[in-house]
Amino acid sequence: MAPREPSGAVPSGSVVPTPGDDGPATAGRGSDIARDALRAAREASAAKAAQRSGERRGVPRPGRAGKRRRWSGPGPDDRDPQTLGRVVSRVALDRGWSPRLTDATVLGRWPQLVGDDVADHCTPVSLRDGELVLQAESTAWATQLRMLQRQLLVRLAGAVGKDVVRRIRVVGPSGPTWKHGPRTVRGRGPRDTYG
């Protein structure tokens, strides 16, 4: 009579399954494991790439909502160095300085906007509410500028914008003045100055 095996023992000659094993070993089992590992690695890589591209577009990673990146990455970012022109234009828009900067552009670039011939004989004095005041060096040039008003308006509209300069007022040359500043004292004025 054969000895009896204990109740929890495995009979000899049978294959013992290990945890995660689905049954007895079959041929080609190693190649199936390799395919499964490769598929899992590809899925993990794709998920990581999608997560990175979402971060570049500003979508935070789940679980990292409150954390801040410490590097800007390859894409453009607000923390990257900016050109001076871009920073100045952003500040001007934020503070409402754009109309005044456009006015200053007309006064500062006057020779380039109207040409050297006209700029040599007149000076822009002020630009307020769309009215450009020009002071001519002589009465003849004041008359000439009054005749060129339409052409100057078209040229300025093409260079700086349509509604920046709507009217031009031309003033002639003025005599010398002894007033300095906004307040003056009434009286006879300077006497015995030319000796």
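Since the structure is predicted, the reported quantities are computational estimates derived from the model, not experimental observations.

Draft legend 1. Geometry of the overall build of the protein. Across its full length, the protein carries seven helices and three strands. Order of helices (α) and strands (β) in the protein, N terminus to C terminus: α-α-α-α-α-β-β-α-α-β. In the protein, which comprises 195 residues, the proportion classed as buried is 15%. Accessible surface for the protein amounts to roughly 16000 Å². Of this, 53% is attributable to carbon and sulfur atoms.

Draft legend 2. Focus on the pattern of salt bridges. Applying the stated rule across the entire model yields four salt bridges. For the salt bridge of Arg39 with Asp36, the shortest nitrogen-to-oxygen distance reads 3.6 Å. Taken together, the residues span about one helical turn, with Arg39 and Asp36 both in helix H1 (residues 29–56) at a distance of three residues. Because the salt bridges share partners, they merge into one network encompassing Asp36, Arg39 and Glu43.

Draft legend 3. Here's a closer look at the environment of Gln151. Mapped onto the elements, Gln151 comes out in helix H7 (residues 149–160). You can call Gln151 exposed: its relative accessible area is 55%. Counting along the chain gives 37 residues from Gln151 to Val114, while the straight-line C-alpha distance between them is 9.5 Å.

Draft legend 4. Here's a closer look at H7. Between its first and last C-alpha atoms H7 spans 16 Å; for twelve residues at 1.5 Å apiece the expected length is 16 Å, and the two agree. When H7 is considered as a whole, its buried residues turn out to be Leu152, Leu156 and Val160. Down the axis of H7, the smallest arc covering the buried residues is 35°, so these residues share one side. Exposed residues lying more than 90 degrees from the buried face of H7 are Arg150, Gln151, Val154 and Gly158. At the C-terminal side of H7, Gly161 shows a positive phi close to 130°.

Draft legend 5. Spotlight on the sheet that holds strand S1 (residues 122–128). With mixed pairing, the three strands of this open sheet are ordered in space as S1-S2-S3. The sheet is open, and its two borders are formed by S1 and strand S3 (167–171), each paired with just one other strand. Averaged over all pairs of adjacent strands, the angle between strand axes in this sheet comes to 25°, irrespective of strand direction. Examined bridge by bridge, strand S2 (residues 131–136) and S3 share five bridges and lie parallel to one another. Directly across from Val133, in S3, lies its bridge partner Arg169. Packed on one face of the sheet, H7 meets S2 and S3 and runs near 130° to S3.

Draft legend 6. Just the pairing of S1, in detail. One ladder, built from six bridges, connects S1 with S2; its direction is antiparallel. Residue pairing across strands places Cys122 opposite Ala136, the latter belonging to S2. In sequence, S1 turns back onto S2 through a hairpin of two residues, with Asp129 there showing a positive phi of about 55°.

So, how was this worked out
Residues numbered from 1 in each chain as written. Predicted model: local features only at pLDDT ≥ 70, side-chain atom pairs only at ≥ 80, totals over all residues. Heavy atoms only, no water. Helix = DSSP H or I, 4+ residues; strand = E, 2+ residues; numbered from the N terminus. Buried < 20%, exposed > 50% of the residue type's maximum accessible area, 1.4 Å probe, protein only. Areas by Shrake-Rupley, 256 points an atom, 1.4 Å probe, with all protein chains shown as cover. Salt bridge = Lys/Arg side-chain N within 4 Å of Asp/Glu carboxyl O. Expected span 1.5 Å × (residues − 1). Arc of directions from axis to C-beta. Pairing = 2+ DSSP bridges. Axes fitted to C-alpha atoms, helices over the stretch in contact; angles between N-to-C directions. Contact = heavy atoms within 4.5 Å.

Purely geometric numbers; function is a separate question.
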